[in-house]
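Structural overview for review
Chain by chain, the residues run as shown.
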Amino acid sequence: MKDRPIAAPLVILSLLVFAPLAIAQTSPTPEPVAKPSPSVPPADYDLRWAVKIPMRDKVELNATLYLPKSANATTGRTPVIFTLTPYISDSYHARAAYFASHGYAFALVDVRGRGNSAGDFEPFANDARDGYDIVEWFAKQPFCDGKVAMWGGSYAGFDQWATAKELPPHLATIVPAAAAHPGLDFPFTNNVGIPYDMQWFTDTSGRASQQNLFADSKFWRTKFLDAYKQYIPFKTLDSFIGNPSANFQRVIGHPMVDAYYDAMVPTREQFAKITLPILTITGQYDGDELGALTFYRDHLANASAETRAKHFLIIGPWDHAGTRTPTDEVGGVKLGGAAVIDLNDLHRQWYDWTMKSGTKPDFLKDRVAYYLLAPGNSGANGEWKYAEDFDKLTANHHPLYLDATDGGGNGVFHSGTLSEKPAATGADEYIYDPLDVHRGEEVENVDNEKTAGLDQRRALNIGKDGLVYHSEAISKETTLLGCPNLTLWISPGVPDTDVTAELDEILADGTSIALWSDVRRLRYRESVRQQKLVKAGEIVRCDLNPGLFIARRMAKGSRLRLVVSAPNSINFEKNYNSGGVVANETAKDAHTAHVRILHDAEHSSVLDVPIVPAP
């Protein structure tokens, strides 16, 4: 069973879609079956089936409760850990068995409207109140010592933050992994719609598991390709798939960040009141890295110094599933055996420390732990490294200026440059025709999950429909540590269009390794909360600065490759460039965009690369 991301993409959409956008899909995702981590749980627990937990509105949620064998006695009271999941509680059996066998009561709770829980499932909408009620109910049970914690990732990472914002008195700690962030990385990315929504909404339709249907990648790829080639209105995708969905139509009605999504996540005031110990976990190829790091940054920005000292961050090299079950390879990118750590054991140590007066986990040598990937792609071990302050850690900036004046930039073998000095004059151009479907047919209609991090087909397919820039080859090994960002000065020639950027390391032997990606809709260039169409002839600034973290030692002889284009992908809602309501549009609304990227004295389009200065 694949761990489903909660938000489809730019890292797995990248990997699965644009080889480089990244390697993680962002949308809630279930658990890999039967392999919780390197730890194999002994079958040393008791079970209580069909435990009913009453909510404040009289709806009952269903839990499967795993208990240490001594927990029936008063002297055996323990903290309770629970996960609140839309993926049917049995998906997490191995996790529950592990923690119950290590002295904790562990409950698998189906969210409202899923599994054996009553009510209706409206993703993200009810989990905050329900989470509060679950915490306080468990705290009163005879097997509980009054301390309650949460576990989980993706959707179950989000609902830990949602619960925490309600400030339940007995919530002792949360450990959100790969936490999805409504309005940010799901149900769209920077207000750009993602067909993956319907794959996920189908997975969570009804009450039973739809795991096999969800995992049928050929079916979904074929359906998304058909929709793309037939230019259907994005708002009809659910019916086109064959599963009319109230949840899909609800998000179609909220196409940008607004109060509907704001209500699901903590406010500044609520972040300031969240004072419990927190362990945030994400990965460099996690499709929900954007959500996880946004929660982390927002909490630290509003918390006291004392509270900040209790919030720890782990950024592994992993993809979405790897934030719970680490592997040594992601999409063909070899991470090294040191990337495979026992996260079950680390969670147990964290819970022991925060709820049982145990010792601090040895792995957490400082407040930030990150994995620095080794040069090349040999599978050599990277290094776990540590820092006290994430902002200081990522304060590495090195500008590289875009310029394709000489080569034109329209292709890997006619590329422009990423230069140390800004160009004095010039502009580069690509053409985006919404009716051109060759990328979907020739590039994306394949299953490349196992090689997505190395896949160069999208870059090699670029012609007049995109721009490619290369840096000079580096003369010595160079460390990238921080968060790339890209500033583009754009004259699109249409009221609106979408722009993607993908950054890769190209090794001396020609191998490509995905590093970073982002996507933007120009009408939201100034704010994701308000649209502003582009006027005829207007030059606008577009910042692609998602705050995604990379930590890699570039090999000697490598260079950077930046690809800028329209998404024009089966994995993104198609923008027809008209400036209308994108979800309603079809081929009749199409306008061809001649997109100019400027790099003159007044408009320096520049890539900010987090190169660590030489000592």
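Bear in mind that the values here come from a model prediction, so they are computed numbers and not experimental data. (Residues numbered from 1 in each chain as written. Predicted model: local features only at pLDDT ≥ 70, side-chain atom pairs only at ≥ 80, totals over all residues. Heavy atoms only, no water.)

Overview of the overall build of the chain
What the chain contains, in helices and strands, is 17 helices and 29 strands. Radius of gyration (C-alpha) of the chain: 24 Å, near the 25 Å computed for a compact globule of 615 residues. A burial count over the chain gives 63% of its 615 residues as buried. Look at the contacts in the chain between residues 6 or more apart in sequence, and 75% of them connect residues 24 or more apart. Here the chain displays about 21700 Å² of accessible surface, and carbon together with sulfur accounts for 50% of that area. One finds the centroid of the 60 positive side-chain charges in the chain at a distance of 3 Å from the centroid of its 75 negative side-chain charges. (Helix = DSSP H or I, 4+ residues; strand = E, 2+ residues; numbered from the N terminus. Rg over C-alpha atoms; globule rule 2.2 N^0.38 Å. Buried < 20%, exposed > 50% of the residue type's maximum accessible area, 1.4 Å probe, protein only. Contact = heavy atoms within 4.5 Å. Areas by Shrake-Rupley, 256 points an atom, 1.4 Å probe, with all protein chains shown as cover. Lys, Arg positive; Asp, Glu negative; His and termini not counted. Charge placed at Lys NZ, Arg CZ, Asp CG, Glu CD.)

Section: helix α2 (residues 93-100)
Across the 8 residues of α2, 7 count as buried, placing the element largely inside the fold. Buried within α2 are the following residues: Ala94, Arg95, Ala96, Ala97, Tyr98, Phe99 and Ala100. Tucked inside the fold, the buried residues of α2 contact β2 (60-67), β3 (78-85), β4 (105-110) and α14 (343-355).

Quick look at the pattern of salt bridges
According to the stated counting rule, one finds 24 salt bridges in the structure shown. The salt bridge partner of glutamate 122 is arginine 250, with a shortest N-O separation of 3.5 Å. In this pair, glutamate 122 sits in the loop between β4 and α3 (127-139) while arginine 250 sits in helix α9 (residues 246-252), placing the two residues 128 residues apart along the sequence. A relative accessible area of 24% means that glutamate 122 is categorised as partly exposed. (Salt bridge = Lys/Arg side-chain N within 4 Å of Asp/Glu carboxyl O.)

Considering the packing of aromatic side chains
Pairs of aromatic rings are described using the distance from one ring centre to the other and the angle between the two planes. Within this structure, the stated rule accounts for 39 aromatic pairs. Between tryptophan 318 and tryptophan 384 the ring centres are 5.8 Å apart and the planes differ by 50°, which places this aromatic pair in the tilted class. You can see tryptophan 318 sitting in strand β12 (residues 311-319) and its partner tryptophan 384 sitting in strand β16 (residues 383-387), a full 66 residues away along the chain. The same class applies to tryptophan 318 and to tryptophan 384, which are both buried. (Phe/Tyr/Trp six-rings, centres within 6.5 Å; stacked < 30°, edge-to-face > 60°.)

A short note on the sheet that holds strand β7 (residues 171-173)
Hydrogen bonds between backbone atoms are what pair the strands of a sheet, whose relative direction is either parallel or antiparallel. Overall, mixed pairing links the 6 strands, which are arranged β1-β2-β4-β3-β5-β7 in an open sheet. Only two strands of the sheet have a single neighbouring strand rather than two, namely β1 (46-54) and β7. On average, adjacent strands in this sheet sit at an angle of 35° to one another, irrespective of strand direction. Here 2 bridges tie strand β5 (residues 144-150) to β7, and the two strands are oriented parallel to one another. Bridge pairing in β7 links alanine 149 to threonine 173. Taken strand by strand, α2 contacts β2, β3 and β4, and its axis lies near 50° from that of β2. (Pairing = 2+ DSSP bridges. Axes fitted to C-alpha atoms, helices over the stretch in contact; angles between N-to-C directions.)

Focus on the nonpolar core
Grouped together as the largest cluster of nonpolar side chains are 114 residues, with contacts concentrated most on Ile81, Phe82, Val109, Ile134, Phe138, Ile314 and Tyr351. When sequence neighbours within four positions are dropped, the list of residues in contact with tyrosine 351 reads Ile81, Phe99, Tyr104, Ala149, Met150, Trp151, Thr173, Val175 and Lys356. (Core = buried A, V, L, I, M, F, W, Y, C linked by side-chain atoms within 4.5 Å.)

Quick look at helix α4 (residues 155-165)
Since there are 3.6 residues in each turn of an α-helix, residues three or four apart along the chain are aligned in direction. Among the 11 residues of α4, 11 are classified as buried, and the element is accordingly described as predominantly covered. All buried positions along α4 are accounted for by Tyr155, Ala156, Gly157, Phe158, Asp159, Gln160, Trp161, Ala162, Thr163, Ala164 and Lys165. Within two residues after α4, leucine 167 carries a phi angle of roughly 55°, on the positive side.

Comments concerning the packing of α3 against α4
Closest axis-to-axis distance for the α3/α4 pair is 8 Å, and the angle between their directions is 75°. Between α3 and α4, the crossing angle belongs to the class labelled roughly perpendicular. Of the residues in α4, those in contact with Asp127, Ala128, Gly131, Tyr132 and Val135 of α3 are Tyr155, Phe158, Asp159, Ala162, Thr163 and Lys165. Considered class by class, the residues forming the contact of α3 with α4 number 6 nonpolar, 2 polar and 3 charged. (Parallel < 35°, antiparallel > 145°, perpendicular 65-115°, else oblique. Nonpolar A, V, L, I, M, F, W, Y, C, P; charged D, E, K, R; others polar.)

Describing the pairing of strand β19 (residues 427-432)
Here β19 shows a buried face lined by Asp428, Tyr430 and Tyr432 and an unburied face lined by Ala427, Glu429 and Ile431. Sheet topology note: the β19/strand β28 (residues 593-598) ladder contains 6 bridges and is antiparallel. Bridge assignment links aspartate 428 to a residue of β28, and that residue is isoleucine 597.

Things to note about the environment of glycine 358
Structurally, glycine 358 can be placed in the loop between α14 and β15 (368-372). In sequence terms glycine 358 and leucine 313 are 45 residues apart; their C-alpha atoms lie 19 Å from each other. Filtering out sequence-adjacent residues up to four positions away, glycine 358 remains in contact with Asp352 and Trp353.

Brief notes about the environment of isoleucine 315
Position of isoleucine 315 among the secondary structure elements: in strand β12. Overall, the relative accessible area of 0% leaves isoleucine 315 in the buried class.

A closer look at unusual backbone geometry
In this model, phenylalanine 186 is joined to proline 187 through a cis peptide bond whose omega is 10°. Within the secondary structure layout, proline 187 lies in the loop between β8 (176-177) and β9 (188-189). If you check the backbone angles, alanine 50 has positive phi at about 55° while not being a glycine. Looking at where alanine 50 falls in the secondary structure, it is placed in strand β1. Within the chain, leucine 167 stands out as a residue other than glycine whose phi angle is a positive 55°. Looking at where leucine 167 falls in the secondary structure, it is placed in the loop between α4 and β7. The exposure class assigned to leucine 167 is partly exposed, which follows from its relative accessible area of 36%.

Comments concerning the pairing of strand β21 (residues 478-482)
Looking along a regular strand, one sees side chains alternate from face to face of the sheet. Most of β21 is tucked away, with 4 of its 5 residues classed as buried. The sheet contact formed by β21 and strand β26 (residues 550-554) spans 5 bridges and is antiparallel. The residue of β26 that forms the bridge with glycine 482 is isoleucine 550.

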